[in-house]
Amino acid sequence: MKRLIERSRSVGEVLRWVTQNPGKVSASHYPIALHKLGQLLQQQPGPPAGAGDGRGPAGQVLEQPEFHALCQAIVSGCAKFDNFSIVNCLYAAAALGLPGESPLVRVLEDESRSRLGRFNQKDVSMVFSSEANNKALEAIFSSQLFYENRQERFIRSMADWLPRKAENLTPYTMALIAKYVARHRLREPRLLDTIANFLLKRGEQLDSKVIQKLVFPFSRMNYRPSNHGELFPKLEAILEQKAGSSPLATVNILMSMFQLSHFPQTVLHQVFSPAFITNVMSSPYALIVRRYLSLLDAAVELEFREYSGPRLDPRYRVLMFEHALTADEANRKYSYKGLVAEALRQLVGEECYRQDEVLPPGYCTDFLLWINRSGTVLPLSRVPAASKAPLATSPSTMSLRASVLALTSDLQDFAPVVLSVNDKWHYCQNSDILVGSRAMRDRHLQLLGYCLVQLPYTELEKVSGIEEAKHYLR
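All of these numbers come straight from a predicted model, not from anything done at the bench.

A. A look at the packing of aromatic side chains. For the structure shown, the criterion picks out seven aromatic pairs. Relative to Tyr180, the ring of Phe141 lies with its centre 5.4 Å away and its plane at 75°, an arrangement referred to as edge-to-face. Taken together, the residues span a long stretch of sequence, with Phe141 in helix 9 (residues 134-142) and Tyr180 in helix 12 (residues 171-183) at a distance of 39 residues. In this structure, Phe141 and Tyr180 share a single accessibility class: buried. Every member of this aromatic cluster is reached through a ring pair, and the members are Phe258, Phe263, Phe304 and Tyr307.

Listed below in structure tokens is the structure:
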């Protein structure tokens, strides 16, 4: 039957083989028949399949009793079809141009969604490039199973067709897509630009909490959208109007923009104002907002020197982080930090470096050493207030950079060196581009006067054993 369908030379012949021989037709034959119909219709003159006006060969076929019989056979039996047949029927129906409200498409979509947990990656990609409506995308990106697993091939294919369908999506669905892309660090420019265009068109009608979710993938992937020249000023204008409605969302959006080296001056005037601070201090999320504001304030000092507006009151300044990041702690057993630590211990001794030292404004460093030009490492016992340096100088009385420089001058030829172990999760997926938070951390440490030495996992994974690690560090 498969060969007979594939060798058919006309639409009528395909329909006759399938409808007049029900005992010889299995589930796998239906998608083949639908695909063959699509191929034959493309070869005929007139409007293409799915043109939607009902005229020409395509419209005539869709109205034929034999075609309705074919569709009814699929509808009646699809619950018993295997996953492959379900997926391919849906994909073929989409290629044929059947409307989304048709009984065949509706039944296939429902059956597909009920089986999502059992589909493999190729199945998922085919299903949702076929459906690709708001309801379908919301279903897949709401699936915990899908959310927890990286589907790179699906995201790449999605980047091809999502721009055409984005205007029909709800903000909630687009936010789910943004959350997924950010979680898995998928730096797919076309998809990110689609989110950015959606945000540019809809931003004024969106709640700041939704905007926060849509903006986050840009900073996470250290990616400036192609429309950033229009988008960022639009976001500034929106934040000026909505800054006080959700302070936590506001500072999150600001942090994303700062990580991309964009500094909205007018909004900074608002978030550092006494009114905003007073509002924040009486809220249940006061501490986390204070942490964000403290880091934003430090970033202004380091990167936005021309800013002359209000700053965060020193009374409210705190460290952004007081220990290693959660992701680093959770992945510690997969990190190369342990290998580097042992190699350092054997090379210079534990008294000559600090591990996981938190430096103002709250950046956890992997390894901190004091080294001169000849390569001599200074024991920490000879560093003034070594147990606290460079935390000893309060940022409320002295600039962060000045505190590091003052300490360095006391040590003459020695400079503070940070060894940064960049593990796989510090980069965008399959890329050498650091995620935005890591990239901003590195910029700030360098601006503070630290010498930053990058130890990327792509180099460390080539190291075999402690002796090679010691040779690498030398």
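B. Inspection of the environment of Leu248 at higher detail. Structurally, Leu248 can be placed in helix 16 (residues 247-259). The class for Leu248 is partly exposed, based on a relative accessible area of 25%. C-alpha separation for the pair Leu248 and Val289, spaced 41 residues apart in sequence, amounts to 6.0 Å. Ignoring sequence-local partners within four residues, the contact set of Leu248 consists of Gln212, Tyr285, Ile288 and Val289.

C. Spotlight on helix 12. Here helix 12 is 13 residues long and its end C-alpha atoms lie 18 Å apart, about the 18 Å a rise of 1.5 Å per residue gives. Three or more residues of helix 12 are buried, namely Thr173, Met174, Ala175, Leu176, Ile177, Ala178, Tyr180, Val181 and Ala182. The positive-phi residue at the C-terminal boundary of helix 12 is Arg185, with phi of around 55°.

D. Representation of the pattern of salt bridges within the structure. Applying the stated criterion across every chain yields a total of 16 salt bridges. Among the salt bridges present, the one from Asp297 reaches Arg311, with a minimum N-O distance of 2.6 Å. Here Asp297, found in helix 19 (residues 286-303), pairs with Arg311, found in the loop between helix 19 and helix 20 (326-330); they are 14 residues apart in sequence, far enough to count as distant. What makes Asp297 buried here is its relative accessible area of 3%. A relative accessible area of 30% means that Arg311 is categorised as partly exposed.

E. Main features of the packing of helix 2 (residues 11-19) against helix 5 (residues 65-77). Contact geometry of helix 2 with helix 5 gives a least axis separation of 10 Å together with a crossing angle of 45°. Classified by the angle their axes make, helix 2 and helix 5 are oblique. Considering the relative orientation of helix 2 and helix 5, their crossing is left-handed. Residues Leu15, Val18 and Thr19 of helix 2 form the contact with helix 5, whose own contacting residues are Glu66, Phe67, Ala69 and Leu70.

F. Region of the structure containing helix 21 (residues 337-348). With 12 residues, helix 21 ought to run about 16 Å at 1.5 Å a step, and its terminal C-alpha atoms sit 16 Å apart, in line with that. Looking only at helix 21, the buried set comprises Lys337, Val340, Ala341, Ala343 and Leu344. All buried residues of helix 21 project into a common sector of 170° when viewed along the axis, lining one side. Contacts made by the buried residues of helix 21 are with strand 1 (354-359), strand 2 (363-371), strand 3 (415-422), strand 4 (451-456), helix 24 (457-460) and helix 25 (465-473). At the exit of helix 21 stands Gly349, carrying a positive phi of roughly 90°.

G. Quick peek at the pairing of strand 3. By the criterion of burial, strand 3 is predominantly enclosed, with seven of the eight residues buried. One ladder, built from five bridges, connects strand 2 with strand 3; its direction is antiparallel. Residue pairing across strands places Leu368 opposite Val418, the latter belonging to strand 3. As judged from the six bridges shared by strand 3 and strand 4, these two strands associate in the parallel manner. Residue pairing in the sheet places Val421 in a bridge with Leu455 of strand 4. As a crossover connection, the stretch from strand 3 through helix 23 (residues 436-447) into strand 4 is right-handed.

H. Structural detail: unusual backbone geometry. For the bond from Pro360 to Pro361, the omega torsion is 10°, close enough to zero to count as cis. Along the polypeptide, Pro361 turns up in the loop between strand 1 and strand 2. Notably, Arg185 is not glycine yet its phi reads approximately 55°, a positive angle. Positionally, Arg185 belongs in the loop between helix 12 and helix 13 (189-202). In this model, Ser261 sits at a positive phi of 60°, which is unusual for a non-glycine residue. You can see Ser261 is positioned in the loop between helix 16 and helix 17 (265-271).

I. Highlighting a positive patch on the surface. Taken together, the side chains of Lys179, Arg183, Lys209 and Lys213 define a basic patch exposed on the protein surface. Elements with a minimum of two residues in the positive patch: helix 12 and helix 14 (208-220). Within the secondary structure, Lys213 is located in helix 14. Taking relative accessible area as the criterion, Lys213 reaches 46% and is therefore assigned partly exposed.

J. Broad picture of the environment of Lys234. Mapped onto the elements, Lys234 comes out in helix 15 (residues 228-242). The sequence separation of Lys234 and Leu199 amounts to 35 residues, and the corresponding C-alpha distance is 9.3 Å.

K. Seen up close, the sheet that holds strand 4. Strand order in this open sheet of four strands is 1-2-3-4, and the pairing throughout is mixed. On the outer flanks of this sheet lie strand 1 and strand 4, each paired with one strand and no other. Within this sheet the neighbouring strands show an average axis-to-axis angle of 45°, counted without direction.

Reading the values: the criteria
Numbering of residues starts from 1 in each chain and follows the order in which that chain's sequence is written. Residue-level local features of this predicted model are given only where pLDDT is at least 70; pairs of side-chain atoms are given and counted only at 80 or more, and the full residue set underlies all totals for whole chains, interfaces and linings. Each side-chain value is derived from all of the structure's non-hydrogen atoms; neither hydrogens nor water enter the calculation. In summary, the pairing rule links any two rings of Phe, Tyr or Trp, Trp by its six-membered ring, whose centres are within 6.5 Å, and it sorts them by plane angle into stacked for under 30 degrees, edge-to-face for over 60 and tilted for everything else. Helix and strand assignments follow DSSP, with helices taken as H or I runs no shorter than four residues and strands as E runs no shorter than two, numbered in order from the N terminus. Relative accessibility under 20% of the residue-type maximum defines a buried residue, over 50% an exposed one, and the middle range a partly exposed one, all with a 1.4 Å probe and only protein chains included. The contact rule is simple, with two residues in contact once any of their heavy atoms fall within 4.5 Å. Helix span, as expected, comes to 1.5 Å for every residue beyond the first. Only one rule defines a salt bridge in this text: a Lys or Arg side-chain nitrogen within 4 Å of an Asp or Glu carboxyl oxygen. Note on geometry: axes are C-alpha line fits, over the in-contact stretch for helices, and angles between N-to-C directions span 0 to 180 degrees. Oblique is the label for any angle not under 35 degrees, not over 145, and not in the 65 to 115 range, which are roughly parallel, roughly antiparallel and roughly perpendicular in turn. Throughout, a crossing is termed right-handed when the near helix is turned clockwise from the far one, and left-handed when it is turned anticlockwise from it by less than a right angle. By construction, the arc corresponds to the directions joining the helix axis to the C-beta atoms. Strands are labelled as partners when DSSP assigns at least two bridges between them. By convention, orient the strands away from the viewer: a clockwise path from the first strand over the helix to the second makes the crossover right-handed. Candidate patch residues must exceed 30% relative accessible area and have no salt bridge, after which like charges are joined if within 9 Å and Val, Leu, Ile, Met, Phe, Trp or Tyr side chains if within 5 Å. What sets the accessible areas is the Shrake-Rupley method with a 1.4 Å probe; for residues, cover comes only from the shown protein chains. For the purpose of counting charges, residues Lys and Arg are taken to be positive, whereas Asp and Glu are taken to be negative. His and the chain ends are not included. Every charge is mapped onto a representative atom, which is NZ of Lys, CZ of Arg, CG of Asp or CD of Glu.

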